[in-house]
Amino acid sequence: FIDPRTGKFFERHVRMRACPVCGGKKSHAIFFKDGGTYVKCETCTMVYPNPVFKESSLKEFYQIVDSGQAKITVAESDFYTEIYSRGLKALTHFVKPGTLLDVGCGSGFFLDIAKKKKWQTTGIELSPSDAAIAASHGHRMFSDPIEDITFTEKFSAITLWDVFEHIVEGGPYLKALSKLLTKDGVVFMQIPNSDSLAARIMREKCNMFHTLGHVSLYNPHTIELMAKKSGFKIVHMETVISEMAVINNFLNYEDPYFGSEKNTNKLLGLIGASDIHANKLGYKMQIIMKPARAYVRAPLL
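Report follows, based on the coordinates.

What counts as what
Residues numbered from 1 in each chain as written. Predicted model: local features only at pLDDT ≥ 70, side-chain atom pairs only at ≥ 80, totals over all residues. Heavy atoms only, no water. Axes fitted to C-alpha atoms, helices over the stretch in contact; angles between N-to-C directions. Helix = DSSP H or I, 4+ residues; strand = E, 2+ residues; numbered from the N terminus. Parallel < 35°, antiparallel > 145°, perpendicular 65-115°, else oblique. Left-handed = near helix turned anticlockwise from the far one by under 90°. Contact = heavy atoms within 4.5 Å. Nonpolar A, V, L, I, M, F, W, Y, C, P; charged D, E, K, R; others polar. Salt bridge = Lys/Arg side-chain N within 4 Å of Asp/Glu carboxyl O. Buried < 20%, exposed > 50% of the residue type's maximum accessible area, 1.4 Å probe, protein only. Phe/Tyr/Trp six-rings, centres within 6.5 Å; stacked < 30°, edge-to-face > 60°. Pairing = 2+ DSSP bridges. Patch = residues over 30% accessible without salt bridge, like charges linked within 9 Å, V, L, I, M, F, W, Y side chains within 5 Å. Areas by Shrake-Rupley, 256 points an atom, 1.4 Å probe, with all protein chains shown as cover. Lys, Arg positive; Asp, Glu negative; His and termini not counted. Charge placed at Lys NZ, Arg CZ, Asp CG, Glu CD.

With that settled, consider the packing of helix H6 (residues 170-178) against helix H8 (residues 220-229). Running from N to C, H6 and H8 cross one another at 55 degrees; their axes reach a closest spacing of 9 Å. One element, H6, and the other, H8, form an angle in the oblique class. Note on packing geometry: the crossing formed by H6 with H8 is right-handed. From H6, Gly 170, Gly 171, Leu 174 and Lys 175 reach across to H8, where they touch Met 226, Ala 227 and Lys 229. Along the lines of polarity and charge, the residues of the contact of H6 with H8 split into three nonpolar, two polar and two charged.

Turning next to the pattern of salt bridges. Opposite charge on two side chains permits pairing when their charged atoms draw close. For the structure on display, the rule yields six salt bridges. The partner of Arg 140 in a salt bridge is Glu 153, with the nearest N and O atoms 2.4 Å apart. With Arg 140 in strand E8 (residues 140-142) and Glu 153 in the loop between E8 and strand E9 (155-161), this pair connects stretches of sequence that are 13 residues apart. Looking at Glu 153, the relative accessible area reads 23%, which means it is partly exposed. A salt bridge links Asp 162 to Lys 284; the shortest N-O distance between them is 2.9 Å. With Asp 162 in the loop between E9 and H6 and Lys 284 in strand E14 (residues 284-291), this pair connects stretches of sequence that are 122 residues apart.

So, about the packing of aromatic side chains. The description of two aromatic rings rests on the distance between their centres and on the angle between their planes. Enumeration over the complete set of coordinates arrives at 16 aromatic pairs. On the basis of an interplanar angle of 55 degrees and a centroid distance of 5.2 Å, the ring pair of Phe 110 and Trp 161 is categorised as tilted. Of the two residues, Phe 110 is situated in helix H4 (residues 109-116) and Trp 161 in strand E9; the sequence distance between them amounts to 51 residues. The exposure class of Phe 110 is buried, given its relative accessible area of 2%. On the basis of relative accessible area, Trp 161 is assigned to the buried category, the value being 6%.

With that out of the way, let us pick up the sheet that holds strand E4 (residues 47-49). Reading across from one edge, E2-E3-E4 is the order of the three strands in this open sheet, with antiparallel pairing throughout. The open sheet terminates on both sides in strands that have one partner only, identified here as strand E2 (27-33) and E4. Pairs of neighbouring strands in the sheet enclose a mean axial angle of 30 degrees, with direction left out of account. When E2 meets strand E3 (residues 36-41), the two strands line up antiparallel, connected through six bridges. The residue bridging Phe 32 from the neighbouring strand is Thr 37, located in E3.

This brings us to a negative patch on the surface. On the surface, Glu 55, Asp 144, Glu 147 and Asp 148 cluster together into a negatively charged patch. Counting through the fold element by element, Glu 55 comes out in helix H1 (residues 55-64). Using a relative accessible area of 42% as the deciding quantity, one classes Glu 55 as partly exposed.

Before going further, it helps to spend a moment on the sheet that holds E14. Taken in spatial order, the seven strands make up an open sheet running E8-E7-E6-E9-E10-E14-E11, and their pairing is mixed. Every interior strand has two partners, whereas the edge strands, E8 and strand E11 (232-240), have only one. The mean inter-strand angle of the sheet, taken between neighbouring strand axes irrespective of direction, is 15 degrees. By the bridge criterion, eight bridges tie E11 to E14 in an arrangement that is antiparallel. Residue Met 237 lies in a different strand from E14, and its bridge partner there is Ile 287.

The next thing to look at is unusual backbone geometry. Cis rather than trans, the peptide bond between Asn 50 and Pro 51 has omega equal to 5 degrees. One can find Pro 51 in the loop between E4 and strand E5 (52-53). Despite not being glycine, Lys 118 has its phi angle at roughly 80 degrees, a positive value. Phi is positive for Ile 241, which is not a glycine, with a value near 70 degrees. With respect to the helices and strands, Ile 241 occurs in the loop between E11 and helix H9 (244-251).

Below, the discussion takes up the environment of Cys 22. By the secondary structure assignment, Cys 22 is in the loop between strand E1 (14-15) and E2. Residue classification places Cys 22 among the partly exposed residues on the basis of a relative accessible area of 34%. Aside from chain neighbours lying at most four places away, what touches Cys 22 is Cys 41, Thr 43 and Cys 44.

Right under this line is the structure:
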């Protein structure tokens, strides 16, 4: 996908685009990384690679690249159990356990947890090997893109764990999801936070920035704009994962992800994890949104 002569993506794979949130055409380059350039919209602050991969090239990439997510999930099961359980607990404040669709479910680790909590689980996973693992755990599975699937029921909750940042055009995607929800259904997503302290400090050294895969990086403001534009209202938003040790490694002139720093409590002894999350500066955001139609009141007679 990258031209070895230039270090940039082959032109046949990419196209230019306007801001995926506000449609603005004025942006400035932040940095170059892994064949592409990240830019920041001067109107709404959205961060995204421009040019971006064409949909056909993205599909080709995901078909030939094994993310290894199944092995990672098993190796870090305690972490994933905690983060998935947190999101599921937040969900139950807005909708009772019912039908649940997890988009990009991998090997079904989250679906396993949801099923134990009495949810009726369905997953979508394009990787055949991961989908087979999830199916073996008793989850109904689909291996086609969501736009190619005809569902016979609607869902109480649709979850996207670290998926929405891979969607080039978020607006049409959210509108399509709204048609799959029950009357009181919700969409849950966990996505990277481009306003996070880790991303701002480390910039291109931060794993968040992956010009081929992470094609839409939102912050609290831009995801709010995207939700409203797509007919949704955000009812819950919080940040998770402080990345305290990672930032401390970086500030100590060490490899941020393989350094020796173990301090997860304070940044340079000054800023705590609670301060980071109170100001929505955590590495990722967990968001719950409902179609705005659920908030339209009947006219008074």
